[in-house]
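# Descriptive analysis of the structure
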Amino acid sequence: MKEIIEINNLCFAYKEDTILNKINLKINQGDFAAFIGPNGSGKSTLLKLITGSLKPMQGQIKLFNTPVEEFNDWAKVGYVSQKVRSFNDSFPATVREIIGASLYRKMGFFKLLTNKLENEIDRVLDLVGMLDYKARQIGNLSGGQQQRIFIARILINQPEIILLDEPLVGLDIKAQEEFYRLLNNLSQELDITIVMISHDIHVISNQADKIVCFKKGQVFTHQAENFNYNDYFRR
Ligand SMILES: Nc1ncnc2c1ncn2[C@@H]1O[C@H](COP(=O)(O)OP(=O)(O)OP(=O)(O)O)[C@@H](O)[C@H]1O
């Protein structure tokens, strides 16, 4: 099985405040892993360490078998932050234009190959179930639909892993469930690895296959089918 993330004996502190203490973690290709744990338990900190924006004090992180400090193939890594931008009603662009803008950058001087461009837009919109919305104004879509468009933009780069820092704040339960299902499909059908911070333990444990629990500087990994929500919180 191909290892996408491997973390060994990792320690991290902000000044004297130890946040992660000798943690180990493996994420394999096609895993859908959920990071769960109380506020301030280090979930976002670990994502920042994985993306190289913070440096470990001890231990090692490997991405695609390369130490993160030497890793440079960032097109393989999609990232959705907590503060997903939302477009307001008057934002003057269609879904097609928003996706197309990312493609122009990627395709460079091939931008005249309009058929190829159009096919690529259709491909990623189809993957997120938004093909019928291609001509719609982005600002008129619901929060959940805009979220799908963000994922479509990330899919343009054909990432092998997508990291999401709690991107569902403000979405209703139905939109959250649909979004989890979309991520589950991407991991099952395209073998894309998903790592997501979530506070909604009940919903995420139905969709993710690995549950990574953060507690008092430690990290425990459970298979979702063996994960008992009550055990975790009683301990
Ligand atoms: N830049 C920083 N400087 C100092 N302390 C920080 C910094 N960023 C985070 N912390 C502290 O580190 C701890 C872990 O924060 P982190 O954001 O990783 O937690 P989290 O599990 O993602 O929390 P939440 O679920 O609330 O988003 C918290 O106590 C936080 O206050």
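Just so it is clear, the model here is predicted, and its values are computed rather than measured. (Residues numbered from 1 in each chain as written. Predicted model: local features only at pLDDT ≥ 70, side-chain atom pairs only at ≥ 80, totals over all residues. Heavy atoms only, no water.)

### Describing helix H4 (residues 143–155)
The terminal C-alpha atoms of H4 lie 19 Å apart, and with 13 residues this matches the ideal 18 Å at 1.5 Å per residue to within 8%. In terms of burial, H4 is a largely internal element, 11 of the 13 residues being buried. Taken together, the buried positions of H4 are occupied by Gly144, Gln145, Gln146, Gln147, Arg148, Ile149, Phe150, Ile151, Ala152, Ile154 and Leu155. (Helix = DSSP H or I, 4+ residues; strand = E, 2+ residues; numbered from the N terminus. Expected span 1.5 Å × (residues − 1). Buried < 20%, exposed > 50% of the residue type's maximum accessible area, 1.4 Å probe, protein only.)

### A look at the site of the ligand
Tyr14, Ile19, Pro38, Asn39, Gly40, Ser41, Gly42, Lys43, Ser44, Thr45 and His199 make up every residue found near the ligand. A distance of 3.4 Å separates a nitrogen atom of the ligand from a polar side-chain atom of Tyr14. One nitrogen or oxygen atom from the main chain of Ser41 is found 3.1 Å from an oxygen atom belonging to the ligand. Protein coverage of the free-state accessible area of the ligand, which is 650 Å², stands at 59%. With 3 residues, the single largest contributor to the shell around the ligand is helix H1 (residues 43–50). (Near = heavy atom within 4 Å. Polar contact = N/O pair within 3.5 Å; in protein donor to acceptor, adjacent residues only side chain to side chain. Areas by Shrake-Rupley, 256 points an atom, 1.4 Å probe, with all protein chains shown as cover.)

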